[in-house]
Amino acid sequence: MLNSSVPKNEFDINTLVNHYGDNLLRLCFLYLHDYHSAEDAVQETFIKAYRNIDKFRGEANIKTWLTSIAVNECKSQRRKKEYKKLFALTEMDKNTPYYDKVFDDTVINAVCSLKPKYKEVILLFYYQEMKAKDIANILNITESAVTVRLTRAREQLKKSLKGWYFDE
């Protein structure tokens, strides 16, 4: 694990890309619904990480720090006017390379249709396997806000997936 004393000239970006790249690409793809935008977001994530490695304080682990950068990059891309026009769909493009790796498109489409504040906690908690504390740090909210959002997101998913996965 990197610590705050790692100078840029000793920072091995290749190790980070090899270790976290696929994981971040999946996250960005699920967040943005577009493979090429996800690739751009991951590339920007690693560029920003490299440029700011001297600001990494080691208070969180490197995965949390990189995920935070990636989530912010995805949010930034979604705010762009062009992105909103091109990718306003709630379903993912079935012709992208990652589509076949998502084994259950019913669940994923239900997650993708959630409001962004609920979708991001679901993606970070279930798909990135992060703890509420780390999610709170990434999103700059309290742990209790994370748990409330998770509860509300689960309730919405339960309603939208009724008949598919729940017997109620």
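Residues numbered from 1 in each chain as written. Predicted model: local features only at pLDDT ≥ 70, side-chain atom pairs only at ≥ 80, totals over all residues. Heavy atoms only, no water.

Visitor: Quick one: what's the story with the pattern of salt bridges, residue by residue and with numbers?
Guide: With the rule as written, the count across this model stands at three salt bridges. In this structure, K48 and E73 form a salt bridge, with 2.6 Å as the shortest nitrogen-oxygen distance. Linking K48 in helix 2 (residues 35-51) with E73 in helix 3 (residues 62-79), this pair joins segments that are 25 residues apart in sequence. K75 serves as the salt-bridge partner of E120, at 3.5 Å between the closest nitrogen and oxygen. Linking E120 in helix 6 (residues 116-127) with K75 in helix 3, this pair joins segments that are 45 residues apart in sequence. When salt bridges that share partners are traced, they join K75, E120 and R149 into one network. (Salt bridge = Lys/Arg side-chain N within 4 Å of Asp/Glu carboxyl O. Helix = DSSP H or I, 4+ residues; strand = E, 2+ residues; numbered from the N terminus.)

Visitor: Tell me about helix 1 (residues 13-32), and please be specific about residues and values.
Guide: The end-to-end C-alpha separation of helix 1 is 24 Å, well short of the 28 Å expected for 20 residues at 1.5 Å each. At Y20, helix 1 shows its largest kink, close to 55°. Residues of helix 1 that are buried: L16, Y20, G21, N23, L24, L25, L27, C28, F29, L30, Y31 and L32. The first or second residue beyond helix 1 is H33, which carries a positive phi of 65°. (Expected span 1.5 Å × (residues − 1). Bend = angle between axes of the 7 residues up to and from the residue. Buried < 20%, exposed > 50% of the residue type's maximum accessible area, 1.4 Å probe, protein only.)

Visitor: Could you give an account of the packing of helix 1 against helix 2, with specific residues and numbers?
Guide: Where helix 1 meets helix 2, the axes come as close as 8 Å, and the angle between the chain directions of the two elements is 140°. Classified by the interaxial angle, the pair formed by helix 1 and helix 2 is oblique. Crossing handedness for the pair helix 1 and helix 2: right-handed. Each of I13, L16, V17, Y20, G21, L24, L25, C28, F29 and L32 in helix 1 lies in contact with helix 2, whose residues at this interface are Y35, S37, A38, E39, A41, V42, T45, F46 and Y50. Its residues assigned to classes, the contact of helix 1 with helix 2 shows 15 nonpolar, three polar and one charged. (Axes fitted to C-alpha atoms, helices over the stretch in contact; angles between N-to-C directions. Parallel < 35°, antiparallel > 145°, perpendicular 65-115°, else oblique. Left-handed = near helix turned anticlockwise from the far one by under 90°. Contact = heavy atoms within 4.5 Å. Nonpolar A, V, L, I, M, F, W, Y, C, P; charged D, E, K, R; others polar.)

Visitor: I'd love a proper account of unusual backbone geometry, names of residues and values included.
Guide: The phi torsion at H33 lies on the positive side, around 65°, for a residue other than glycine. Position of H33 among the secondary structure elements: in the loop between helix 1 and helix 2. Assessed through its relative accessible area of 7%, H33 is described here as buried. Backbone geometry places E129, a non-glycine residue, at a positive phi of 55°.

Visitor: With reference to specific residues and values, describe the confidence of the model for the protein chain.
Guide: Summary statistics for the protein chain give a mean pLDDT of 79 and a share of 75% for residues scoring 70 or more. Looking over the protein chain, one finds the lowest element-wise mean pLDDT in helix 4 (residues 81-86), namely 50, and the highest in helix 8 (residues 143-160), namely 93. Note that pLDDT drops below 50 for residues 1-10; the model gives that stretch 18 contacts with residues more than four away or on any other chain. Of the regions scoring below 50 in pLDDT, residues 85-91 engages in 10 contacts with residues more than four places distant in sequence or in other chains. (pLDDT = per-residue confidence, 0-100.)

Visitor: Outline the packing of aromatic side chains, supporting the account with residue identities and numerical values.
Guide: With the rule as written, the count across this model stands at two aromatic pairs. For the cation-ring pair, K119 lies above Y31, with the distance from its terminal atom to the ring centre recorded as 5.2 Å. (Phe/Tyr/Trp six-rings, centres within 6.5 Å; stacked < 30°, edge-to-face > 60°. Lys NZ or Arg CZ within 6 Å of the ring centre and 35° of its normal.)

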